[in-house]
Amino acid sequence: MATIGVFAIIFSDRERILCVRMNYASKNWTTPGGKVEPGESPIAALKREVFEETGYRVEPKQLIGVYAKLYNDDLVLCFEAQVLSREPWEPNHEISEVRYFARDELPAEMSYVVRTRIQDAFNHENGIVRVFSTPDSYVDASVSKEVDEPASCC
């Protein structure tokens with residue numbers, strides 16, 4: 001069965017993007033978000049996941065893109081979100097660190113798929129659709145061309 005996930009792009013006032021470092025599996029950096037639970041709306045899941053992982057209360061602003069990972073039957077919705085407030089947060093079993101990064105500061109420990117979502121956000125994409133046939137290449141569904149390496153951003 002397909003997994004549906006939601007992830008938030010949260011910009012600071014200095015055009016930096018909030019990332020979280022996973023405390024399990026690869027321990028890579030990603031943007032806050034996760035799986036939509038049965039019966040839960042994507043917007044409710046986004047708000048819940050961001051709060052659990054960062055302590056931020058957010059409101060989605062716009063859909064940056066839809067990212068389909070065919071190699072593991074995964075569909076991700078990526079939204080830009082605005083911070084409304086923040087409650088105390090501490091590292092836990094799921095997330096070890098929360099930090100903002102500029103475009104040229106993105107950590108090496110980040111998957112190609114996550115880096116692509118972040119680049120799309122920095123490039124102010126809106127409503128883009130990308131289909132990943134492997135973990136390191138995608139088809140841009142809006143122009144139907146395969147891309148094997150990320151656009152220059154860093």
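Model, not experiment: these values are computed from the prediction.

A.B. asks: Would you mind going over the sheet that holds strand β3 (residues 29–30) with me for this structure?
C.D. replies: For sheets, the rule is that strands pair by backbone hydrogen bonds, running either parallel or antiparallel. Taken in spatial order, the three strands of this open sheet run β3-β2-β7, and their pairing is antiparallel. Because the sheet does not close on itself, it has two edges, and the strands there are β3 and β7 (95–101). Relative to β3, strand β2 (residues 17–22) is paired through two bridges, and the arrangement is antiparallel. When the sheet's bridge partners are listed, V20 is paired in β3 with T30. Relative to β2, helix α2 (residues 112–122) is tilted by about 170°, and along the sheet it contacts β2, β3 and β7.

A.B. asks: Looking at this structure, I do not really get the nonpolar core. What am I missing?
C.D. replies: Most often, soluble globular proteins keep nonpolar side chains buried together rather than apart. Core analysis: the biggest nonpolar cluster contains 22 residues, and I9, I17, C19, Y67, M110 and I118 have the highest contact counts within it. Sorting the residues of this core by element identifies β1 (3–9), β2, β5 (56–69), β6 (74–86), α2 and β8 (128–134) as the ones contributing at least two each. Counting residues per element, this core draws most heavily on α2, at six residues. Sequence-distant contacts of C19, defined by excluding residues within four places in its chain, comprise W29, T30, T31, E97, V98, R99, F101, M110 and I118. Counting 14 residues, the second-largest nonpolar core is a separate cluster that includes V36, L46, V58 and Y100.

Rules behind the numbers
- Residues numbered from 1 in each chain as written.
- Predicted model: local features only at pLDDT ≥ 70, side-chain atom pairs only at ≥ 80, totals over all residues.
- Heavy atoms only, no water.
- Pairing = 2+ DSSP bridges.
- Helix = DSSP H or I, 4+ residues; strand = E, 2+ residues; numbered from the N terminus.
- Contact = heavy atoms within 4.5 Å.
- Axes fitted to C-alpha atoms, helices over the stretch in contact; angles between N-to-C directions.
- Core = buried A, V, L, I, M, F, W, Y, C linked by side-chain atoms within 4.5 Å.
- Buried < 20%, exposed > 50% of the residue type's maximum accessible area, 1.4 Å probe, protein only.

On their own, these measurements won't tell you what the molecule is for.
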